[in-house]
Amino acid sequence: MSNDATPPTQVAHVLTEALPYIRRFHGRTVVVKYGGNAMVDEELKRGFARDVVLMKLVGINPVVVHGGGPQIGTVLERIGKETEFVQGMRVTDSETMDVVEMVLGGLVNKEIVSLINTHGGRAVGLSGKDGGLIQARRLTLTGTGPAEKAPEIIDIGHVGEVTGIDPSLMSLLDGADFIPVVAPIGVDEAGISYNINADLVAGHLAQTLRAEKLILMTNTAGILDGAGNLLTGLDAERVAQLIDDGTIHGGMLPKVDCALQAVRNGVGAATIIDGRVPHAVLLELFTDSGVGTLIHGEDVNGASGATQAP
Ligand SMILES: Nc1ncnc2c1ncn2[C@@H]1O[C@H](COP(=O)(O)OP(=O)(O)O)[C@@H](O)[C@H]1O
Ligand SMILES: CC(=O)N[C@@H](CCC(=O)OP(=O)(O)O)C(=O)O
């Protein structure tokens, strides 16, 4: 670990700082959502894989849920198919759903599995169909039509919402020291597939597994205010204000929603971190300063920093 550029005392300091966090997270589950926008640089991808392997080796149970929005977009463009988003969700007709399954369940999922495995881990790739992991139903979006009319129902096709998680497969994998890597595809009782926003899947999984932490990796430093300053230690009230005044919008909305739901339902803490920073997951988990935006429930005082003290 030490090299010419890193004095041994500094290495010792880093390890000492990490120790209380390793103790706190030992034997606990940490769900990491790896966003498609954070998956762009080869060196960063290798760093992420190493971080996940290191977590496992120090006794944490990492569960990776991945996105892949930009990767789906690239393939759709290549086949000349237009794509459209409504309220942050991709309108998904049957043909688009086939592409989503191929890209998320195939290409992206297997790339992450392979990266983790080549860095010394034992990853297993799953979609929500495997072992009935993610049960889903069609998501209904409502728009605001004319005031005198009932809210308009917007049809966005095979976009799903999570109705249930069966964690049995997760326990099995965890017991055998495998690292689950989950593609956000759900299935209903009739066997119909649904394309689900990966943040929402990560939030539900974290709740079901009673994770110690939910980490959402993306392509910004965290939640920023209008002037570009990083905000942290946010509770539900502050988040609602930031949504109301338009500071939080677009792809950040499902992240804050699922982070809030997770911390209200038993997850220790949720953080939104910058996947463009090398080893962002390790910095978040094992250093006092952490990185990104902490979102906490009503009973947690996280106002002082990005991470909670060990
Ligand atoms: N207040 C905010 N602070 C930071 N990013 C924000 C904010 N509001 C909206 N965003 C947008 O949310 C994006 C992250 O969501 P998204 O593109 O869906 O990422 P991912 O692919 O990682 O899920 C940012 O790139 C940014 O454009
Ligand atoms: C319904 C919906 O929009 N699903 C997303 C699923 C992938 C995803 O969430 O990817 P990121 O995390 O990289 O954005 C999509 O089709 O893009």
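Each residue is numbered by its place in its chain's sequence as written, counting from 1. As a convention, the first chain written is A and the first ligand written is 1, with the rest following in written order. Local features in a predicted model are, by the rule used here, given only for residues with pLDDT of at least 70; side-chain atom pairs are given and counted only at 80 or more, and totals for whole chains, interfaces and linings are based on all residues. In computing side-chain properties, one takes all heavy atoms of the structure into account and sets aside hydrogens as well as water.

> Pulling in residues and values, what's your account of the site of ligand 2?
Near, as used in this document, describes a residue that has one of its heavy atoms within 4 Å of the molecule or strand being considered. Near ligand 2 you find 16 residues, and of these Lys33, Gly36, Arg90, Asn195 and Ala198 are the closest. The separation between an oxygen atom of ligand 2 and a polar side-chain atom of Arg90 is 2.8 Å. Polar contacts, as counted here, are pairs of nitrogen or oxygen atoms within 3.5 Å of one another; within protein the pair requires one atom able to donate a hydrogen and one able to accept it, and residues that are adjacent in sequence qualify only if both atoms are side-chain atoms. In the environment of ligand 2, an oxygen atom lies 3.0 Å from a nitrogen or oxygen atom belonging to the backbone of Ala198. Put plainly, a pocket is an open set of points on a 1 Å grid over the protein atoms alone with protein on both sides within 12 Å along at least five of seven lines, a cavity is a set where a 1.4 Å probe fits but cannot get out, and a lining residue has an atom within 4 Å of a point. In this scheme, a molecule is assigned to a cavity or pocket if more than half of its atoms are within 2 Å of the grid points. Here ligand 2 is seated within the largest pocket. The helix and strand labels rest on DSSP assignments: H or I over at least four residues marks a helix, E over at least two residues marks a strand, and numbering proceeds from the N terminus. Looking at the shell around ligand 2, the elements with two or more residues in it are helix 3 (69–78) and strand 4 (89–90). Examining the composition of the shell around ligand 2, we find that three residues originate from one element, helix 3, more than from any other. Counted by class, the shell around ligand 2 contains six nonpolar, eight polar and two charged residues. Gly is placed with the polar residues, together with every amino acid not listed as nonpolar (Ala, Val, Leu, Ile, Met, Phe, Trp, Tyr, Cys and Pro) or charged (Asp, Glu, Lys and Arg).

> Pulling in residues and values, what's your account of the layout of surface pockets?
Over the atoms, a rolling probe the size of a water molecule traces out where space has been left empty. Grid points are joined across faces, edges and corners, and a volume is the space filled by probe spheres set on the points. Considered as a void within the structure, the largest pocket measures approximately 600 Å³ in volume. Considering the residues around the largest pocket, the lining is formed by 32 residues, among which Lys33, Gly69, Phe85, Gly88 and Asn197 are closest to the centre. For the lining of the largest pocket, the secondary structure elements donating two or more residues are helix 3, strand 4, helix 6 (198–208), strand 13 (213–218) and helix 8 (252–264). Examining the composition of the lining of the largest pocket, we find that four residues originate from one element, helix 3, more than from any other.

> Can you tell me about the pattern of salt bridges, naming the residues and giving the values?
Whenever a carboxyl oxygen of Asp or Glu lies within 4 Å of a side-chain nitrogen of Lys or Arg, that contact is scored as a salt bridge. All chains considered together, the criterion is met by 15 salt bridges. A salt bridge links Asp199 to Lys33, with the nearest nitrogen and oxygen atoms 3.0 Å apart. Of this pair, Asp199 sits in helix 6 while Lys33 sits in strand 1 (residues 29–34), and the two are 166 residues apart along the sequence. On the accessibility criterion, Lys33 (6% relative accessible area) is buried. Within this structure, Arg24, Arg28 and Glu212 form a network of salt bridges that share partners. When a residue's accessible area, from a 1.4 Å probe over protein chains only, is under 20% of the maximum for its type it is buried; when over 50% it is exposed; and in between it is partly exposed.

> So what about unusual backbone geometry? Which residues, and what values?
Of note, Gln87 is a non-glycine position whose phi angle comes to about 50°, a positive value. In this fold, Gln87 is placed in the loop between strand 3 (85–86) and strand 4. You can call Gln87 exposed: its relative accessible area is 51%. Phi is positive for His279, which is not a glycine, with a value near 60°. Structurally, the position occupied by His279 is in the loop between strand 16 (269–274) and helix 9 (280–286).

> Break down empty space enclosed by the protein for me, citing the residues and quoting the values.
Inspection of every chain in the model, using the stated rule, returns one cavity of 30 Å³ or more. Of the voids in this model, the largest cavity is the one considered here, and its volume is about 60 Å³. Lining the largest cavity are 13 residues, with Leu44, Phe48, Met217, Val277 and His279 positioned closest to its centre. Elements with a minimum of two residues in the lining of the largest cavity: helix 2 (42–57) and helix 9.

By themselves these figures say nothing about function.
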